[in-house]
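Structure assessment
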Amino acid sequence: MLTANLRAALVALLLYTPLVTSSPELAAQDHGLSLRSHGQTQNDGFTLKRRRCGRPGPSGQPGRSCVRKSQRKAWDDLTPQQRADYISSTLCLTTTPAKHGVPGAKTLWDELHFVHIVQSAYIHFVGAFLPFHRYFLLAHETLLRKECRYRGPIPYWNEVNDVQTFRNSTVFDPITGFGGDGVPIAGGKAGGCITDGPFANLKLQITANLTVAPDGGYCISRNMSDCLFSGALQENSDACLNAPDFETHRNCLEAKPHIAGHWGVGGTVSTLLSFCGVTQAYTDIDMTMKMSDTLLSPGDPLFYLHHTWLDKLWWEWQSRNLSARLTEISGPNIVLSPPTPPTDGTSGGGGPPPGKATFTFRNETCSPSGGGPGQGHGIGEPLNTAFTDFFGDGGNVTTLGHVLFSHGILPNSTIGEVMNLEGGIACAEYV
C-alpha cells in the first residue's frame, strides 16, 4: 500500500493543490507540480503552460520528422572515451542545480528521481510501464545532452551476456564503470552503501515518502545476487520476444528481465532477498538507495542502462510486426486487486505483478521477497479518478492517448507519441 504521505502527495499532484509535509524544508516551498494540461489552463497559484500533444497517426507517431537519430549502444561496445564521457556527464547531472521546480531537489538528478518516485504506483505492472519508461529515458537523455553536453551513444546493459559472469561485468568496474557491490552489513553480507566507483559519494535528497532526506542525503546501496540476475537469461528474453501480444509481452518483461536487473543489483532498506539468504538489516528510516526499490531505483545510474536494455527488448518485439505493434497498447492504469499470478511469473492477462517468479541458478533457488519491484505499491488502492482523468484514457484501460509527464523536463506527451522509437519524439535507434 502507499504510505499516507505518498498518497497525499499523489492527490495533491493531480489536483494542483499545495502539499504540506512533515519536512519544514518542503513545507516552505511552492509544491506546484507540472501536470501541464493538453489545451487547458488552470490557475490555482501555479503556472500551467498550454501544450498540445501531436496526434498519433496510423503508425502511432505524431506528425513530426526524425532527421538525425540518437544512437543507443551496448556499454561494452562503447569506446573507453565514450564511457568516460558518459560517466562524466552523469556526474554533471548529480551536481548541476535543479531548475524545474521540484520540491526539495538540489540537482537535476534529484528532479529525475522525484519524477519516478511520485508516480511509481502508476507506472509499474500497468499498461503504461513500457511507454512511460521510454519517455523517462528520453527525459534523462535530454538532460544529459542539453545540460551536460553529452554527445556519445546512450548505453544499455546487455544483461544476457553477463549472466554467467555477473560480478565481473564491466558496468561494475570501479574505474571505468559504476562501482561494485555495497559494503557488508548485518551477517557479513553486502547491502550497505557502495564505496568505490565514481558514485560512491553521491547523496540523494528525495525519500520514498517525498520528504527531504536528513543529514545531507542518503547513499546508493547494492546487494548483488547472481541467482536473481539469472532472470536475464537468453531463454527468458526469447520468451518475451515470442509473446503474441502486448499484454503478454509486457507481463513477461516485468516478470523476469525487469526483476533481474533490479534485484540482481539489489540493495537493502526494508525489503530483503530472504529467499537468497539475506536477513533483514535496515528499516524504512535508514537512508540508503536500492535498485530493488521501485520508487528509489533511479537514484542508481545503472537504472538507466537497465531500462534502456528493457526498452531495446520492447523495440525488438515491436519490430517483428511493426505496422501492427506501433499502435498495440493495453492494460490497466492501476492494479486494483491483489493478483494470483502463476508460479513462473510469465503470464498475466490482466496486468498482475509477477509476484511468484522464481529463479534457479547454480543449484540455488531464489525469489524476490515481496514479488519484485513495485509489489504492494498501489495494489488494492481505490481507483484515483483524478489520476485517470489526467491520463485522459476515460477509465482504467491504457490507451494511445494516455498522457505522460516529467514535471517539465520534457513537455507532456502521449503514449502514442513514444510508440515509434525511430520516429516521433524519440528519434533513436539501437546499433
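Quick summary incoming for the structure in this document. (Residues numbered from 1 in each chain as written. Predicted model: local features only at pLDDT ≥ 70, side-chain atom pairs only at ≥ 80, totals over all residues. Heavy atoms only, no water.)

1. Some points on the sheet that holds strand β2 (residues 154-156)
In space, the three strands of this open sheet follow the order β2-β1-β11, with parallel pairing throughout. Only two strands of the sheet have a single neighbouring strand rather than two, namely β2 and β11 (428-430). Adjacent strand axes in the sheet meet at a mean angle of 30°, parallel and antiparallel pairs treated alike. The sheet strands contacting helix α5 (residues 129-148) are β1 (70-74) and β2, and the helix crosses β1 at an angle near 105°. (Pairing = 2+ DSSP bridges. Helix = DSSP H or I, 4+ residues; strand = E, 2+ residues; numbered from the N terminus. Axes fitted to C-alpha atoms, helices over the stretch in contact; angles between N-to-C directions. Contact = heavy atoms within 4.5 Å.)

2. Describing helix α8 (residues 246-255)
Judged by how many residues are buried, α8 sits mostly within the fold: nine of 10 residues are covered. Looking only at α8, the buried set comprises Phe246, Glu247, His249, Arg250, Asn251, Cys252, Leu253, Glu254 and Ala255. Tucked into the core, α8 has its buried residues touching α5, α7 (234-241), α9 (257-265), α10 (302-319) and β7 (359-361). Two to three positions downstream of the cap, the backbone nitrogen of Glu247 sits 3.3 Å from a side-chain oxygen, assigning the N-cap of α8 to Asp245. (Buried < 20%, exposed > 50% of the residue type's maximum accessible area, 1.4 Å probe, protein only. Polar contact = N/O pair within 3.5 Å; in protein donor to acceptor, adjacent residues only side chain to side chain.)

3. Section: the side chain of Thr107
Along the chain, the position of Thr107 falls in the loop between α3 (80-95) and α4 (108-118). Leaving out residues up to four positions away in the same chain, Thr107 has contacts with Leu93, Thr94, Thr95, Thr96, Pro97 and Ala98.

4. With respect to the state of the cysteines
Per the counting criterion, the structure on display carries five disulfides. The residue that forms a disulfide with Cys92 is Cys148, at a sulfur-sulfur distance of 2.0 Å. In this structure, the disulfide formed by Cys92 and Cys148 twists by about -80° around the S-S bond and is classed as left-handed. Placement of Cys92 in helix α3 and of Cys148 in helix α5 is noted, with a sequence separation of 56 residues between them. The buried category is assigned to Cys148, whose relative accessible area is 11%. For the protein chain, numbering the cysteines in disulfides from first to last along the sequence yields the connectivity 1-10, 2-3, 4-5, 6-9, 7-8. (Disulfide = S-S within 2.5 Å.)

5. Description of the pattern of salt bridges
One pass over the structure, following the stated rule, counts 12 salt bridges. With a shortest N-O distance of 2.9 Å, Glu141 and Arg145 are connected by a salt bridge. Note that Glu141 and Arg145 are positioned in helix α5 at a spacing of four residues, about one turn of the helix. For Arg145, a relative accessible area of 22% puts it in the partly exposed group. A single network of salt bridges, built from pairs that share partners, joins Arg72, Arg134, Glu141, Arg145 and Asp311. (Salt bridge = Lys/Arg side-chain N within 4 Å of Asp/Glu carboxyl O.)

6. Considerations on the packing of α8 against α9
Each pair of packed helices can be described by the angle between their axes along with the distance between the axes. Contact geometry for α8 and α9: axes closest at 3 Å, N-to-C directions at 20°. One element, α8, and the other, α9, form an angle in the roughly parallel class. Between α8 and α9, the residues in contact are Cys252, Leu253, Glu254 and Ala255 and Pro257, His258 and Ile259, respectively. A per-class count over the contact of α8 with α9 returns five nonpolar, one polar and one charged. (Parallel < 35°, antiparallel > 145°, perpendicular 65-115°, else oblique. Nonpolar A, V, L, I, M, F, W, Y, C, P; charged D, E, K, R; others polar.)

7. Side note on the packing of aromatic side chains
One pass over the full model with this rule turns up 22 aromatic pairs. Between Phe132 and Phe136, the aromatic rings sit 5.6 Å apart at their centres with planes inclined by 15°, giving stacked as the arrangement. Remark: Phe136 and Phe132 occur in helix α5; sequence separation between them is four residues, near one turn of the helix. Given a relative accessible area of 1%, Phe132 falls into the buried group. (Phe/Tyr/Trp six-rings, centres within 6.5 Å; stacked < 30°, edge-to-face > 60°.)

8. Observations concerning the environment of Trp314
As for its placement among the helices and strands, Trp314 is situated in helix α10. The spatial distance from the C-alpha of Trp314 to the C-alpha of Pro131 is 9.5 Å, given a sequence separation of 183 residues. If we ignore the near neighbours within four places in the chain, the residues touching Trp314 are Leu130, Pro131, Arg134, Phe246, His249, Leu253 and Met419.

9. Description of the environment of Pro244
Structurally, the position occupied by Pro244 is in the loop between α7 and α8. Since its relative accessible area comes to 61%, Pro244 is described here as exposed. Separated by 73 residues in sequence, Pro244 and Trp317 place their C-alpha atoms 9.5 Å apart.

10. A word on the nonpolar core
The biggest cluster of nonpolar side chains holds 93 residues, and the ones touching the most others in it are Leu112 and Phe178. When residues in this core are grouped by element, the largest group, 11 residues, is from α5. Once you skip the residues sitting within four places of it in the chain, Leu112 turns out to touch Leu93, Phe136, Ala139, His140, Leu143, Tyr304 and Ile409. One finds Cys227, Trp263, Phe359 and Cys366 within the second-largest nonpolar core, a separate group that totals six residues. (Core = buried A, V, L, I, M, F, W, Y, C linked by side-chain atoms within 4.5 Å.)

11. A closer look at the environment of Tyr156
With respect to the secondary-structure elements, Tyr156 resides in strand β2. By relative accessible area, Tyr156 is classed as buried at 4%. Along the chain, Tyr156 and His306 lie 150 residues apart, while their C-alpha atoms are 6.3 Å from each other. Dropping the residues within four chain positions of it, Tyr156 is found in contact with Arg72, Lys73, Ala74, Trp75, Leu305, Thr308, Trp309, Lys312, Tyr430 and Val431.

12. Quick notes on the pairing of β1
With respect to burial, β1 is a largely interior element, four of its five residues being buried. As judged from the three bridges shared by β1 and β11, these two strands associate in the parallel manner. Across the sheet, residue Ser70 finds its bridge partner in β11, namely Ala428. Taken together, the three bridges between β1 and β2 define a ladder with parallel strand orientation. Counterpart to Ala74 in the pairing with β2 is Tyr156.

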